[in-house]
Amino acid sequence: MRRTAILSAAVLLLATACGSGQETNENRSGQTGFVSGNGRVSSFAAAERKPAPDFGGDTLDGKAWNFADHKGKVIVLNVWGSWCPPCRKEAPDLVAAHKQLGPDVQFIGLNTRDLDKAPAKKFVQEFGVPFPSLYDPSGKQLLGFRGQISPSSIPSTLVIDKNGKVASRVIGEVTTQTLLGMVKDAG
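Let me sum up the structure you'll find in this document. Computed from a predicted model, the values in this text were never measured in an experiment.

Attention now moves to empty space enclosed by the protein. Inspection of the entire model under this criterion finds 1 cavity of 30 Å³ or more. What the largest cavity holds in volume is close to 70 Å³. Contributing to the lining of the largest cavity are Asn 78, Trp 80, Cys 87, Glu 90, Ala 91, Leu 94, Phe 123, Val 124, Val 129, Phe 131 and Ser 133. Of all the secondary structure elements, the ones that give two or more residues to the lining of the largest cavity are β4 (74–80), α3 (85–101) and α4 (117–127).

Spelled out as structure tokens, the structure:
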């Protein structure tokens, strides 16, 4: 009986691992999986913006990347995992936005909870992602964004203004048009 209850709970957890919206967030409190948000944009007036934490590390390709090296540019930070269906759905939109915005905007991914680089590299190749991604299997980099992004909200996208402050965020999938508007508003 106990084994059946545990198996049923595991199946239920897998079935609900990727929800959306506030109701899902409330129903899943305390779980260690992930919650995909509803894709709404939160924008912050220049006077209300909080500094992004200093973050960086090695990319999936083993190269060093540091936030401090890119100050003075608008930065798009996308938190993703190869195991995340909404991340797969939004990947073409991120690639399209990157192409439209060009070199004036620095895109950086933050790959989290992929315990092996191989699936993450396959994701990047499959979707033709042209920008680097920090490899953060433990979520340590993500914890630096506490108060700005919940560690369980994947995917998430932040637009950081030229002064290093968070101008806007989307918890959940982002579209090309939404991202273009967020970057424009970041100034």
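From this point, the narrative continues.
Residues Thr 176, Leu 179, Leu 180, Met 182, Val 183 and Ala 186 constitute the buried set of helix α6 (residues 176–186). Burial along α6 is one-sided: seen end-on, the buried residues are contained in an arc of 160 degrees. Those residues of α6 that are exposed and angled more than 90 degrees off the buried face are Gln 177, Lys 184 and Asp 185. Buried residues in α6 make contact with β1 (41–43), β4, α3, β5 (105–112), β7 (156–160) and β8 (166–171).

By the element assignment, Thr 157 lies in strand β7. Relative accessible area serves as the criterion here: at 0%, Thr 157 is assigned to the buried category. In this structure the side chain of Thr 157 is engaged in a polar contact, spanning 2.8 Å, whose partner is the side chain of Asn 78. Other than its neighbours up to four places away in sequence, Thr 157 contacts Val 76, Leu 77, Asn 78, Glu 90, Ser 168, Arg 169, Val 170, Val 174, Leu 179 and Met 182.

Now for α4. For an α-helix, 3.6 residues make a turn, and residues three or four places apart therefore share a direction. Ala 120, Phe 123 and Val 124 are the residues of α4 that are buried. The buried residues of α4 occupy one face: seen down the axis, they fall within an arc of 95 degrees. Facing away from the buried surface of α4 by more than 90 degrees, the exposed residues are Lys 122 and Gln 125. Close packing links the buried residues of α4 with β4, α3 and β5. Where α4 begins, the capping side chain belongs to Asp 116, and its oxygen is found 3.1 Å from the backbone nitrogen of Ala 118. Positive backbone phi, at 65 degrees, marks Gly 128, one or two positions downstream of α4.

What counts, and at which threshold
Residues numbered from 1 in each chain as written. Predicted model: local features only at pLDDT ≥ 70, side-chain atom pairs only at ≥ 80, totals over all residues. Heavy atoms only, no water. 1 Å grid on protein atoms, 1.4 Å probe; cavity = no way out; pocket = protein on both sides within 12 Å on 5 of 7 lines; lining within 4 Å. Points joined across faces, edges and corners; volume = space filled by probe spheres on them. Helix = DSSP H or I, 4+ residues; strand = E, 2+ residues; numbered from the N terminus. Buried < 20%, exposed > 50% of the residue type's maximum accessible area, 1.4 Å probe, protein only. Arc of directions from axis to C-beta. Contact = heavy atoms within 4.5 Å. Polar contact = N/O pair within 3.5 Å; in protein donor to acceptor, adjacent residues only side chain to side chain.

Note that every value here comes from positions in space, so none of it alone points to a role or purpose.
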